[in-house]
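# Architecture at a glance
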Amino acid sequence: MKIASNSVLVTGGCSGIGKIMGRMALERGASQLIIWDINEEAIEATVKELQHLGKVTGFRADISSPESVDAAYKATKAACGDVDILINNAGIITNNKLFCEQTDADIDRTFDINTKGAMFVTLRFINEMKARGKGHICNITSSAGMLALPKMALYTSSKWAATGWSESLRIELQREKSPLHVTTVAPYFISTGMFDGIKSFFRIQKPEVVAKKALDAVEKNKIYKGIPFSFHFIRLMQGLIPLAIFDPLFGDFCGLYTVMDSFTGRQKKDGNQ
């Protein structure tokens, strides 16, 4: 679906690639940009920053809370009308602890935002999109949604779940012969601050590049977009070679299994990819 002349909603739209995608959507001619974020001060600042590019409206939404999502949905409908393109971008990484060091609260917070949050938001919009026969849902998951990494047990599992849900949703709509489209975007680590401190053999992705490729994927109705494309090679190797070889080759020699050892992350409570 072309972004020009369509209404775009981005969750986690005040930082990272969410903010960049919002800006780029306006630059591509979106009829309006709707920002959902948990940080009210950041919403106000982002609206002021981007409003010279077009119509921008922001609403506070804690996507881990169905009640908060309901409130943001009703406010959005009243002020902005229909949403044509929904970009589920909001996400967090809680820490770089081993799984045995996590708490029940860590598990809940990670899944509530990274997995359930996108479901809560989509559920509010999808039926009206189906009724109108128009809509595109873009889910920003992660390359970690296909590759297990130590000290990321909560993040990777939440993204695996989000990827599986996104694909299931796509197939359901496809089998219904619905005109709606679903795009799953799975980027490698991005230099937005969310993954500050990691050290990787593979190139850390630039946020501007990821944001552009994600919007390009939406406009081309892509089913799945791995960023960078070379990441598909790692997924292929997982299926072709025994894990007894894959683990020392990619995990140890290429350093995939030590990327989180020096992780610090954003030095604030809430972060969006």
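The structure displayed is predicted, hence computed values, not measured ones. (Residues numbered from 1 in each chain as written. Predicted model: local features only at pLDDT ≥ 70, side-chain atom pairs only at ≥ 80, totals over all residues. Heavy atoms only, no water.)

## Thoughts on the overall build of the chain
To keep it simple, the criterion reads: Starting at the N terminus, helices and strands are each numbered in turn, a helix being any DSSP run of H or I of at least four residues and a strand any DSSP run of E of at least two. A simple rule labels every residue: compare its accessible area, found with a 1.4 Å probe on the protein chains alone, to the largest value its type can have, and call it buried under 20%, exposed over 50%, or partly exposed in between. A contact between two residues is defined here by any heavy atoms of the two lying within 4.5 Å. The accessible surface values rely on the Shrake-Rupley method and a 1.4 Å probe; as for residues, cover is taken only from the protein chains in view.
In terms of helices and strands, the chain carries eight helices and seven strands. For the chain, the proportion of its 273 residues judged to be buried stands at 53%. Taking as baseline every contact in the chain between residues at least 6 positions apart, the subset at least 24 positions apart corresponds to 72%. As displayed, the chain has an accessible area near 12,200 Å², and 56% of this comes from carbon and sulfur atoms.

## A look at the environment of K151
Here K151 shows up in the loop between β5 (136-140) and α5 (153-175). Residue classification places K151 among the partly exposed positions, given a relative accessible area of 28%. Sequence spacing of K151 and F99 is 52 residues, and the spatial spacing of their C-alpha atoms is 6.8 Å.

## Things to note about empty space enclosed by the protein
Picture a little ball the size of a water molecule; that probe, rolled over the atoms, points out where space is still empty. Worth spelling out the cut-off: Space inside and on the surface of the protein is sampled on a 1 Å grid over the protein atoms alone, with a cavity defined as a set of points where a 1.4 Å probe fits but cannot get out and a pocket as an open set with protein on both sides within 12 Å along at least 5 of 7 lines; lining residues have an atom within 4 Å of a point. Grid points are joined across faces, edges and corners, and a volume is the space filled by probe spheres set on the points. Classes in brief: Ala, Val, Leu, Ile, Met, Phe, Trp, Tyr, Cys and Pro nonpolar; Asp, Glu, Lys and Arg charged; the others, Gly included, polar.
Per the counting criterion, the structure on display carries two cavities of 30 Å³ or more. For the largest cavity, the calculated volume is near 80 Å³. As for the largest cavity, its lining consists of 15 residues, of which N88, A90, N114, A118 and I140 are closest to the centre. Of all elements in the fold, only α4 (104-132), β5 and α5 reach the threshold of two or more residues within the lining of the largest cavity. Of the residues in the lining of the largest cavity, the class split is seven nonpolar, seven polar and one charged.

## Comments concerning α4
The cut-off we apply is this: By this rule the span expected of a helix is its residue count minus one, scaled by 1.5 Å. Bend is the name given here to the angle between axes fitted to two runs of seven residues, the run ending at a residue and the run starting at it.
Here α4 contains 29 residues, and its C-alpha end-to-end distance of 41 Å stays within 8% of the 42 Å for a straight helix at 1.5 Å per residue. Taken as a whole, α4 carries its principal kink of about 50 degrees at K116. Phi for G133, located one or two positions after α4, is positive at around 70 degrees.

## A short note on the packing of helix α3 (residues 66-80) against α4
Worth spelling out the cut-off: For helices, the fitted axis covers only the stretch in contact; all axes are lines through C-alpha atoms, and the angles between them, taken along N-to-C directions, range from 0 to 180 degrees. Small angles under 35 degrees read as roughly parallel and large ones over 145 as roughly antiparallel, with 65 to 115 read as roughly perpendicular and the rest as oblique. Rotating anticlockwise by less than a right angle from the far helix to the near helix defines a left-handed crossing, while the corresponding clockwise rotation defines a right-handed one.
Put simply, α3 and α4 touch, their axes get as near as 9 Å, and they point 40 degrees apart. Regarding the angle of α3 to α4, the classification is oblique. When you trace α3 past α4, the crossing you get is right-handed. Of the residues in α4, those touching α3 at P66, V69, D70, Y73 and K77 are F120, V121, R124, F125 and E128. When the residues that make up the contact of α3 with α4 are grouped by side-chain class, the tally is six nonpolar, no polar and four charged.

## What to know about the sheet that holds strand β1 (residues 7-11)
This is how the line gets drawn: Being paired, for any two strands, means DSSP has found at least two bridges between them.
Read from one edge of the open sheet, seven strands run β3-β2-β1-β4-β5-β6-β7, paired in parallel fashion. The open sheet has two free edges, formed respectively by β3 (56-60) and β7 (224-227), since each of these has just one partner strand. In this sheet, neighbouring strand axes are inclined to one another by 15 degrees on average, regardless of whether the strands run parallel or antiparallel. Summarising the sheet, strand β2 (residues 32-37) and β3 pair through five bridges and their orientation is parallel. Bridged to W36 within β3 is F59. The strands touched by α4 are β1, β2, β4 (85-88) and β5; relative to β4, the strand with the most contacts, the crossing angle is about 170 degrees.

## Concerning the nonpolar core
Test applied: The criterion is simple. A nonpolar core is a set of buried Ala, Val, Leu, Ile, Met, Phe, Trp, Tyr and Cys residues joined through side-chain atoms within 4.5 Å.
The biggest cluster of nonpolar side chains holds 31 residues, and the ones touching the most others in it are V8, M21, L33, I87 and I140. Listed by contribution, the elements that provide at least two residues to this core are β1, α1 (16-27), β2, α2 (40-50), β4, β5 and α6 (207-219). A total of six residues in this core trace back to one element, the largest contributor, which is α1. In terms of nonpolar packing, the next biggest core, distinct from the first, is built from 27 residues, A61, I63, V69 and A72 among them.

## Here we look at a nonpolar patch on the surface
Our working rule: The residues that make up patches have over 30% relative accessible area and no salt bridge, and they are joined within 9 Å when like-charged or within 5 Å when they are Val, Leu, Ile, Met, Phe, Trp or Tyr. Throughout this description, the term salt bridge denotes a Lys or Arg side-chain nitrogen within 4 Å of a carboxyl oxygen of Asp or Glu.
Side chains of F233, L236 and L240 sit close together on the surface and give an oily, nonpolar patch of about 320 Å² of accessible area. Inspection of the secondary structure assignment puts L240 in helix α7 (residues 231-240). According to the relative accessible area criterion, L240 is exposed, its value standing at 57%.

## Examining the confidence of the model for the chain
The condition that has to hold: As a per-residue quantity, pLDDT reports the predictor's confidence and falls between 0 and 100.
Mean pLDDT over the chain works out to 90, with 89% of the residues at or above the 70 mark. Scored below 50 in pLDDT, residues 268-273 shows 27 contacts in the model against residues more than four places distant or in partner chains.

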